[in-house]
Amino acid sequence: MKPESIIKDPSFDLFEGTHSLEIDNLKLDSSLLELSPEEKRFDCSTPYGGSEEEKLKFVTAVADRLCRSIMVWLAGFQTLPTTVLSCRYVEDAVRRYTDDPSTDLSSCLLQTGNPLFDQVLTSCVVGSCFFVKFVSTLFKAGVVFEEEDLNCNTMGLNMLSMVPITTIREHMDRSIALLEAEYKHADQLVLILKLLRNLIEFQDYLPSKAEDLAAPNKQPLLDLMQCAQKLKVYAPVAPEVCTGAFSPGIQKRLSNQFPPRDIVESAGEEYEAYVELCVDMLKVLAVTSARSASETLQFAFFFNRTRQRHVVARAFFPLYLMRDDQTVLGKYTFNDFSKEHLLDFSLCGTNLAHELLDAPENSALVQKFNEFMQEVSGILFEWYQNTAQNRCRYRQGYNRQLLLWDSLQAQIETFELELEAQGIKDELQDSSSFMPLTTWVFYMKLRAMLDFVLKGFELDVYKPWEFFSMFWYAYYLAQHLENCLQRTLGFIEKLITSIHNMNKKLKKLKAGEKKEKLRAKYRWSMENDIPQLNANLKFVTYSLMECTAVKVLSLSQVFHFAVLQSSGLIDSKPPGGNKFTSPEFIHKLRFKTFASIGVPELPSYQVFENSLKDFTIAEPMFTAKLARSLAFTKSELEGAKAAIDTIVHAIHVGDGEPNLSVNTGTRLVKEQADAHYSALLRTFEALVANGQSLQAKLGSVKDGSPAARYHVNVSRPDGASSYFPVLALSENQ
Amino acid sequence: MGIRYQPLNISNANELKHIQRLIDADLSEPYSIYVYRYFLNQWPELCFLAFSNDTENPVGCVVCKYETHRGARLRGYIGMLAVDQKYRRRGIAKKLVEQAIQKMQEIGCDEIMLETEVENTTALQLYEGMGFIRLKRMFRYYLNQGDAFKLILPLTERSCTRTTFLLQPETAFA
Ligand SMILES: CC(C)(COP(=O)(O)OP(=O)(O)OC[C@H]1O[C@@H](n2cnc3c(N)ncnc32)[C@H](O)[C@@H]1OP(=O)(O)O)[C@@H](O)C(=O)NCCC(=O)NCCS
């Protein structure tokens, strides 16, 4: 064959290419792996260690390393063959089980003739395998991503698929009893067994039956955490104690579709990782106590925000929340859950809500509404699922979601216009129409858009020259969101007033049928609408405060950029963007996600350009203008900081406190919400300080070019919000 | 020192060996021969080599491909780029990449895409200096690889329109 010819299957693409192996290439052919003599000699049917004491030491060493390898796999993002499956005892047991699968453990018991091995070590092995099986189930549900979040390559081995949990439990309990009765110095081994014994209970958290309505049993998690805490004091056992018991050999012995890889040693942090896993699982389970849709929403928004949760907890969350039996937490149907979200925000007390209550189940109104709820459910569930993703996927998830929210908004608006034509209409104070459904969709969409934009700062996706356009757009979105929230607030206030006014009217009315009717209506509203309306009022007030703060932070960033640009220290144009492309193309590519969004419309490139010009400061009176601009920013920042202070206070005091004007919905994620808003508070301080620094460095009469003295760098002040990196000036070296 | 740039000569089996040598020098896990063959045999015109007149063998290379992306636009892709340690910081990579992009532009590509690790500041500097922007960040802690950025350089307006709307022009502009 000539060098220019190849034989290639049409379906062989780059993915196939980068995943293909090469025979006889040392780095790509695992059959060439060289094993040490100890690895070659290792025999699972020999009870290693001379004395009983040495045997105990050996078994403890293997069990400790095996137990750690589970966290090396999960928290260290490694593969199974280089961690759990590198344990010779695991390989031996599951290979035998794979050849002879059954509902008991008969095919995978160790047979050395020594109970420490045959009973205790077998327990550790089967417990670990059972947990691997559980993680594989989570993985197969497709919530987290292969190779970036989790690798579940079991090398075709059967991880005890038919063995019920009770069999594993019994086996492990017997081992614990044996050790406690007959081995005085086995404290560490007992702890490891107990840890694994609790770990297998994870499976029971997966909702599978209707009776899962009961509050989850947290005890295994608490016990596991305690074991892990105690195990932290033991140093990892020196690998020499069990040389050969862990080996990359499985990659050589079994069919392996991946390049050979070294086995991954313990980093020493594994028991801490177990503690973290439990903390994260407990947090996820807490969602069952959500009292409302807005609490569930806020839970999801915050639980994985300031710290990325353990991959098992992240994979578990959506499955736990939105169950196979087509319910949310076993409590709501999907449609009801979606409707709750609307009621918790803009739908409560509206004419539409009342009509829906009165209309028969089979009426066109109810049916059409339910169809929309189904649409809403679909997108809402994407939203929920997205909150559990790793931090990069999280931003990407919005990219897709935005199109869905946008098209839903267009459809639901049409529906509401039809309803208005039929006389089902809700009006604001100024008689313009409110449209409760559209309003909520718009709110969700804007929230997603803002989060998408700002998350890009956290992920370092924007270069400093892009800060102007990104923050200016965030400011633009925040203005729209603020407007939407103000309308909602005004509407809720109007409804509350009108209900209270009924009482006044009642007093004026003469007794009679009309009065009785109004009295009944008043009572009904007081009982059914007012509590929810009051709660909504507080939640929307909180949302508005937050939105204003984000708006002001974004605006300040815009001002700071403009000051730097005015001093020739930064440019909003891409460097070298002219040879193959143009600044306009680059800008449009950056905003591609938003170009198709109906409302709010993406401003044209020209509008972005012009707005920067508007913010730019020029001579004459540069110094005075600069001072004015920075003074304005400072006062805005201080005003908005007060709003976040209120929010932080409300989080501390807790929702439901009657004297509070806001309701944050963060009861179940107090710590995370506090961390989020406290970081925003620090950002306010950092921006005020940055303004002062800019003023000091650039405000005085310009002697020479500032660029000769300073350069811009992106600073991420300690403890401040990752969404608002600061453009600071540093002295040139 | 003079540097010559020339497209790959696919009929010269030696050149493939040199590309492998240059690229593998900086990879922890090498590409299989199939990856090289995949690129070089299908898009030989998109592979460029740099030769220095003080040595016989190539000192740098860039390897690319282009394909229709989701049936909507033509996307060029820079798969590999490397310059021999001894020849770095002399503008060789920049020149190689420019030649490749130019070729892909001539072919009619709407955009150029590539991925690079967040930690590879050298590569980021190089590409961002040419107008590439970071479109997204990818979580890749798996096997301790670290995150990566996906970079795109838009060459035509089509690069700036979502695929969904390129496929259904009637809904996009209705
Ligand atoms: C990346 C690599 C190809 C650059 O090769 P090179 O020939 O040295 O690069 P150039 O001399 O053409 O430099 C072009 C630009 O890249 C940037 N750059 C290059 N080396 C840099 C360095 N060490 N630090 C910071 N920026 C650097 C600069 O912006 C430079 O422009 P400038 O010199 O005008 O400032 C080379 O370092 C390499 O082979 N690295 C290993 C493989 C690799 O990372 N490939 C990219 C994978 S996507």
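Criteria and thresholds
- Residues numbered from 1 in each chain as written.
- Chains lettered and ligands numbered in written order.
- Predicted model: local features only at pLDDT ≥ 70, side-chain atom pairs only at ≥ 80, totals over all residues.
- Heavy atoms only, no water.
- Salt bridge = Lys/Arg side-chain N within 4 Å of Asp/Glu carboxyl O.
- Helix = DSSP H or I, 4+ residues; strand = E, 2+ residues; numbered from the N terminus.
- Buried < 20%, exposed > 50% of the residue type's maximum accessible area, 1.4 Å probe, protein only.
- Contact = heavy atoms within 4.5 Å.
- Buried area = accessible area lost by both parts, 1.4 Å probe.
- UniProt positions renumbered as here; feature names shortened; annotations may be inferred.
- Pairing = 2+ DSSP bridges.
- Axes fitted to C-alpha atoms, helices over the stretch in contact; angles between N-to-C directions.
- Parallel < 35°, antiparallel > 145°, perpendicular 65-115°, else oblique.
- Left-handed = near helix turned anticlockwise from the far one by under 90°.
- Nonpolar A, V, L, I, M, F, W, Y, C, P; charged D, E, K, R; others polar.
- Near = heavy atom within 4 Å.
- Polar contact = N/O pair within 3.5 Å; in protein donor to acceptor, adjacent residues only side chain to side chain.

### Let's talk about the pattern of salt bridges
All names here are of chain A.
Here is step 1 of the chain: Considering all chains together, one arrives at 45 salt bridges over all chains under this definition.
Here is step 2 of the chain: Taking the shortest distance from any N to any O, the salt bridge between arginine 307 and glutamate 276 comes out at 3.7 Å. Placement of the pair is arginine 307 in the loop between helix H11 (293-303) and helix H12 (311-321) and glutamate 276 in helix H10 (residues 270-285), with a sequence separation of 31 residues.
Here is step 3 of the chain: Under the relative-accessibility criterion, glutamate 276 is labelled partly exposed at 35%.
Here is step 4 of the chain: Residues joined in a network through salt bridges with shared partners are Arg169, Asp173, Arg197, Glu201 and Asp204.

### Quick word on the interface of chain A and chain B
Here is step 1 of the chain: Counting residues at the interface gives 54 residues for chain A and 53 residues for chain B.
Here is step 2 of the chain: Taken together, both faces of the contact between chain A and chain B bury some 4,800 Å²; the carbon and sulfur share is 60%.
Here is step 3 of the chain: Contact with chain B buries surface across chain A, with Leu14(A), Phe580(A) and Leu589(A) losing the most and accounting together for 16% of the total.
Here is step 4 of the chain: Joining chain A to chain B, the criterion identifies 5 salt bridges.
Here is step 5 of the chain: Here Arg134(B) ties to Asp460(A) by a salt bridge, and the two come within 3.7 Å at their closest N and O atoms.
Here is step 6 of the chain: Elements supplying a minimum of two residues to the side of chain A that touches chain B: helix H1 (14-18), helix H16 (391-421), helix H21 (583-590) and helix H22 (592-595) of chain A.

### Focus on the environment of Arg682(A)
Residue and element names in this part refer to chain A.
Here is step 1 of the chain: The residue arginine 682 is located in helix H25 (residues 670-698) in this model.
Here is step 2 of the chain: Judged by its relative accessible area of 38%, arginine 682 falls in the partly exposed class.
Here is step 3 of the chain: Along the backbone, arginine 682 and proline 464 are 218 residues apart, and their C-alpha atoms lie at a distance of 21 Å.

### Description of the side chain of Asn114(A)
Here is step 1 of the chain: For Asn114(A), the position within the fold is in the loop between helix H4 (88-99) and helix H5 (115-140).
Here is step 2 of the chain: In contact with Asn114(A), not counting residues within four places along its chain, are Pro47(A), Glu52(A) and Lys55(A).

### Quick look at the UniProt feature "domain: NAA35-like N-terminal" (unreviewed entry) in chain A
Here is step 1 of the chain: UniProt records the feature "domain: NAA35-like N-terminal" (unreviewed entry) for residues 4-169 of chain A in the present numbering.
Here is step 2 of the chain: Strand forms 0% of residues 4-169 of chain A and helix 46%; the C-alpha atoms that close the span are 61 Å apart.

### Structural notes on the sheet that holds strand E6 (residues 133-138) of chain B
Here is step 1 of the chain: Strand order across the open sheet formed by 7 strands is E1-E2-E3-E4-E5-E7-E6 (chain B), with mixed pairing between neighbours. For this open sheet the edge positions go to strand E1 (3-7) and E6 of chain B, each flanked by a neighbour on one side alone. Taken pair by pair, the neighbouring strands of this sheet meet at an average axis angle of 25°, ignoring direction.
Here is step 2 of the chain: By the bridge criterion, 10 bridges tie strand E3 (residues 58-69) of chain B to strand E4 (residues 73-83) of chain B in an arrangement that is antiparallel. Paired with His69(B) across the bridge in E4(B) is Arg73(B).
Here is step 3 of the chain: Packed onto the sheet, H21(A) meets E6 and strand E7 (148-154) of chain B and runs at close to 25° relative to E6(B).

### Section: unusual backbone geometry
Residues and elements named next belong to chain A.
Here is step 1 of the chain: Cis geometry is found at the peptide bond from valine 599 to proline 600, where omega equals -10°.
Here is step 2 of the chain: Position of proline 600 relative to the elements: it lies in the loop between H22 and helix H23 (605-615).
Here is step 3 of the chain: Geometrically, the link from glutamate 619 to proline 620 is a cis peptide bond, its omega value of 5° lying close to zero.
Here is step 4 of the chain: Despite not being glycine, aspartate 24 has its phi angle at roughly 70°, a positive value.
Here is step 5 of the chain: For aspartate 24, the location among the structural elements is in the loop between H1 and helix H2 (37-41).
Here is step 6 of the chain: On the basis of relative accessible area, aspartate 24 is assigned to the exposed category, the value being 61%.
Here is step 7 of the chain: Positioned with a positive phi, methionine 155 is a non-glycine residue whose angle comes to about 55°.

### Let's talk about the packing of helix H15 (residues 364-387) of chain A against H16(A)
Describing two packed helices takes the angle between their axes plus the distance from one axis to the other.
Residues and elements named next belong to chain A.
Here is step 1 of the chain: Taken N-terminus to C-terminus, the directions of H15 and H16 make an angle of 165°; their axes are 9 Å apart at the nearest point. By the angle class used here, H15 and H16 are roughly antiparallel. Like other packed secondary-structure pairs, H15 and H16 cross with a definite hand, here left-handed.
Here is step 2 of the chain: Partitioned by chemical class, the residues of the contact of H15 with H16 number 15 nonpolar, 5 polar and 6 charged.

### Here we look at the environment of Lys103(B)
All names here are of chain B.
Here is step 1 of the chain: With respect to the helices and strands, the residue lysine 103 is situated in helix H3 (residues 92-107).
Here is step 2 of the chain: According to the relative accessible area criterion, lysine 103 is partly exposed, its value standing at 28%.
Here is step 3 of the chain: If near-sequence neighbours (up to four positions away) are discounted, lysine 103 is found in contact with Glu45, Leu46 and Phe48.

### Overview of the site of the ligand
All names here are of chain B.
Here is step 1 of the chain: Surveying the vicinity of the ligand reveals 18 residues, the closest of which are Val83, Arg89, Gly91, Lys94 and Asn120.
Here is step 2 of the chain: Taking glycine 91, its main chain carries an N or O atom lying 2.7 Å from an oxygen atom of the ligand.
Here is step 3 of the chain: Here an oxygen atom of the ligand sits 3.0 Å away from a polar atom, N or O, in the main chain of alanine 93.
Here is step 4 of the chain: For the shell around the ligand, the secondary-structure elements that each account for two or more residues are E4, H3, strand E5 (111-117) and helix H4 (121-128).
Here is step 5 of the chain: The element best represented in the shell around the ligand is H4, accounting for 4 residues.
Here is step 6 of the chain: Residues of the shell around the ligand, tallied by class, amount to 7 nonpolar, 5 polar and 6 charged.

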